[in-house]
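Structure assessment
Letter by letter, the chains look like this.
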Amino acid sequence: MKFMVIVKANKDTEAGVMPSTELLAAMGKFNEEMVKAGVMQAGEGLHPSAKGARVKYAGGQGTVTRGPFSLTSDLVCGFWLIETKSLDEAINWMKRAPFDGGSEIEIRQVFAAEDFGEALTPELREQEERLRAQTTKK
């Protein structure tokens, strides 16, 4: 099962405060453990929302709002993409993440092709597989 682990933003990440050398080292060690275990597929930190934008769609049109955005629980400052046998295993890995007080993550399962049932026709499945293969070549 594939999961996206969403690291929630806080006032420090939104202010552009960079992590300490100690936290970077601890995070590097944690990431290395996940890679060696075959769990981690990707993981990145994100710049503050001040350097981002949102696009809201209505009537076939996209309206752009540039950051910064108000600090709410929907702001993200980083993510991991991990693969584990279960949500419980994902939780167990993330409980070991080297965060300190006040940090929060969210773990969400990524849809697999079979989750879409008959709506994902053989043609759409072939297209998805072809596009996935093209993106992994980079």
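About the cut-offs
Residues numbered from 1 in each chain as written. Predicted model: local features only at pLDDT ≥ 70, side-chain atom pairs only at ≥ 80, totals over all residues. Heavy atoms only, no water. Phe/Tyr/Trp six-rings, centres within 6.5 Å; stacked < 30°, edge-to-face > 60°. Helix = DSSP H or I, 4+ residues; strand = E, 2+ residues; numbered from the N terminus. Buried < 20%, exposed > 50% of the residue type's maximum accessible area, 1.4 Å probe, protein only. Salt bridge = Lys/Arg side-chain N within 4 Å of Asp/Glu carboxyl O. Pairing = 2+ DSSP bridges. Axes fitted to C-alpha atoms, helices over the stretch in contact; angles between N-to-C directions. Contact = heavy atoms within 4.5 Å. Core = buried A, V, L, I, M, F, W, Y, C linked by side-chain atoms within 4.5 Å.

Another aspect to go through is the packing of aromatic side chains. Two numbers describe a pair of aromatic rings. These are the distance of the centres and the angle of the planes. By the definition in use, this model includes 4 aromatic pairs. Ring geometry for Phe30 and Trp80: centres 5.7 Å apart, planes at 80 degrees, overall edge-to-face. Of this pair, Phe30 sits in helix α2 (residues 21-36) while Trp80 is found in strand β5 (residues 76-83), placing the two residues 50 residues apart along the sequence. The same class applies to Phe30 as to Trp80, namely buried. Their ring planes at 65 degrees and their centres at 6.1 Å tell us that Trp80 and Phe99 sit as a pair that is edge-to-face. Placement of Trp80 in strand β5 and of Phe99 in the loop between α3 (87-94) and β6 (105-109) is noted, with a sequence separation of 19 residues between them.

A few words on the pattern of salt bridges. Counted under the stated rule, the structure contains 8 salt bridges. A salt bridge links Lys8 to Glu106; the nearest nitrogen and oxygen atoms lie 3.0 Å apart. With Lys8 in strand β1 (residues 2-8) and Glu106 in strand β6, the pair connects residues that are 98 residues apart, well separated along the chain. Judged by its relative accessible area of 15%, Lys8 falls in the buried class. With its nearest N and O atoms 2.5 Å apart, the salt bridge here joins Glu33 to Arg96. Here the residue Glu33 occupies a position in helix α2, and Arg96 occupies one in the loop between α3 and β6, the gap between them amounting to 63 residues. Residue classification places Arg96 among the partly exposed positions, given a relative accessible area of 47%. The network of salt bridges with common partners includes Lys8, Glu106 and Arg108.

Strands sit in the order β2-β5-β1-β6 across an open sheet of 4 strands; the sheet is antiparallel. The open sheet has two edge strands with one neighbour each: β2 (40-45) and β6. Adjacent strand axes in the sheet meet at a mean angle of 15 degrees when their direction is disregarded. The sheet contact formed by β1 and β6 spans 5 bridges and is antiparallel. Residue Ile6 lies in a different strand from β6, and its bridge partner there is Glu106. This element, α2, spans β2 and β5 of the sheet and lies at about 25 degrees to β5. In the packing of α3 onto the sheet, contacts are made with β1, β5 and β6, and the angle to β6 comes to roughly 155 degrees.

Counting 18 residues, the largest nonpolar core has Phe30, Met34, Trp80, Ile82, Trp93 and Met94 as its most contacted members. Among the elements of the structure, β1, α2, β5 and α3 are those that each provide at least two residues to this core. Among residues more than four places away in sequence, those in contact with Phe30 are Trp80, Trp93, Met94, Arg96, Ala97 and Pro98.

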